[in-house]
Amino acid sequence: MAERLVAVPGIHAVALGGSRARGTHRPDSDWDLGLYYRGAPDLAALSALAREVQGSTVEVAGPGGWGPWVNGGAWLRVDGTPVDWILRDLDRVEAVWSDCRRGRYEVGVQPGHPLGFWSPAYPGEVALGHVLADTRGELTKLRAETLDYPEPLRKALADAAWEADFSVVSARKSAPSGDRLHVSLCLSRAFGILAQSLHAHHRTWCLNEKGALAAAAALPDTPAGFADRAGEALCGLDAAAVETAAEVVNDVRAVLTGTSAA
């Protein structure tokens, strides 16, 4: 499939991503294929190929069709197996990588990413993926670069933990009135930021919210009970839960600054 995809005008490379690439998949996990393109991919050719491999008509979303960060693509079922095609603008991925090497990143609004799409996910996907087809060697070269986690990005994402503290302070103001929506959003944001910061601290790519708490908890030096305490706070959503979250934030920030007792 990858070889046929790179024959489509505009598609330069295809990579296996997601849990299949990382070896964390279940038997029923999707197969995620990143379709790296330049310019405008030939959607008619992609639709024709999708229809051929699935055996029925498939809607292929063009660039921007799925939002500003998850460009577009298609959901297929091939012989009963879910296969996702996910478009990635190679020019934009390279631009984000350039920013990351300078310690710059952004968090954009994106459907399917309730805590926002963190731009370092682009180079992270390349680093953690497996290149299946690469007509000009561009993605292979980029992957070799992304295996070296940039120190400026590590520092920027570790420093971002200040916002987790800010989010807990905001939740503390809403908890007495029972505003569980605002409290839940604030605490979710706080824990999502901490997961990103902990991964960056260890120069490990964090791609999205899925499994992020458990993955962060498994990192060296992560405070004891990190994931359990975060889960407790997210279930409680009251004043006591906010104070639990505050303790978690303080413990993680101590690790990030090298001031923890451990």
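Keep in mind it's a predicted model, so treat the numbers as computed, not measured.

### So, unusual backbone geometry
Piece 1. At aspartate 221, a position not held by glycine, the phi torsion is positive, near 75 degrees.
Piece 2. Here aspartate 221 lies in the loop between α10 (212-217) and α11 (226-236).
Piece 3. Given a relative accessible area of 54%, aspartate 221 falls into the exposed group.
Piece 4. Even without a glycine there, the phi angle at leucine 237 is positive, about 55 degrees.
Piece 5. Along the polypeptide, leucine 237 turns up in the loop between α11 and α12 (239-257).

### Concerning the sheet that holds strand β1 (residues 11-17)
Piece 1. Pairing is mixed in the open sheet, where five strands are placed in the order β3-β4-β2-β1-β7. In this open sheet, the two strands that pair with only one neighbour each are β3 (73-78) and β7 (130-134). Each neighbouring strand pair of the sheet contributes to a mean axis angle of 25 degrees, computed without reference to strand direction.
Piece 2. With six bridges connecting them, β3 and strand β4 (residues 81-89) associate as antiparallel partners. Bridge assignment links alanine 74 to a residue of β4, and that residue is tryptophan 85.
Piece 3. Helix α3 (residues 43-54) rests against β1, β2 (31-37), β3 and β4 of the sheet, and its axis sits at about 15 degrees to β3.

Thresholds, definitions, all that
As a convention, each chain's residues are numbered from 1 in the sequence order in which they are written. Per-residue local features of the predicted model are confined to residues with pLDDT of at least 70, and side-chain atom pairs are confined, for both listing and counting, to 80 or more; whole-chain, interface and lining totals are unaffected and use all residues. Calculation of side-chain values draws on the structure's entire complement of heavy atoms; hydrogens and water are dropped beforehand. Elements are defined by DSSP. Helices are runs of H or I of four residues or more, strands are runs of E of two residues or more, and each kind is numbered from the N terminus. Only protein chains enter the accessibility calculation, which uses a 1.4 Å probe. A residue is then buried if its area is under 20% of the maximum for its type, exposed if over 50%, and partly exposed in between. Two strands are said to pair when DSSP picks up at least two bridges between them. In this description, a line fitted to the C-alpha atoms serves as the axis of each element, helices being fitted only across the stretch in contact, and the angle between N-to-C directions of two axes falls anywhere from 0 to 180 degrees. Throughout, a residue-residue contact means that at least one pair of heavy atoms, one from each residue, lies within 4.5 Å.

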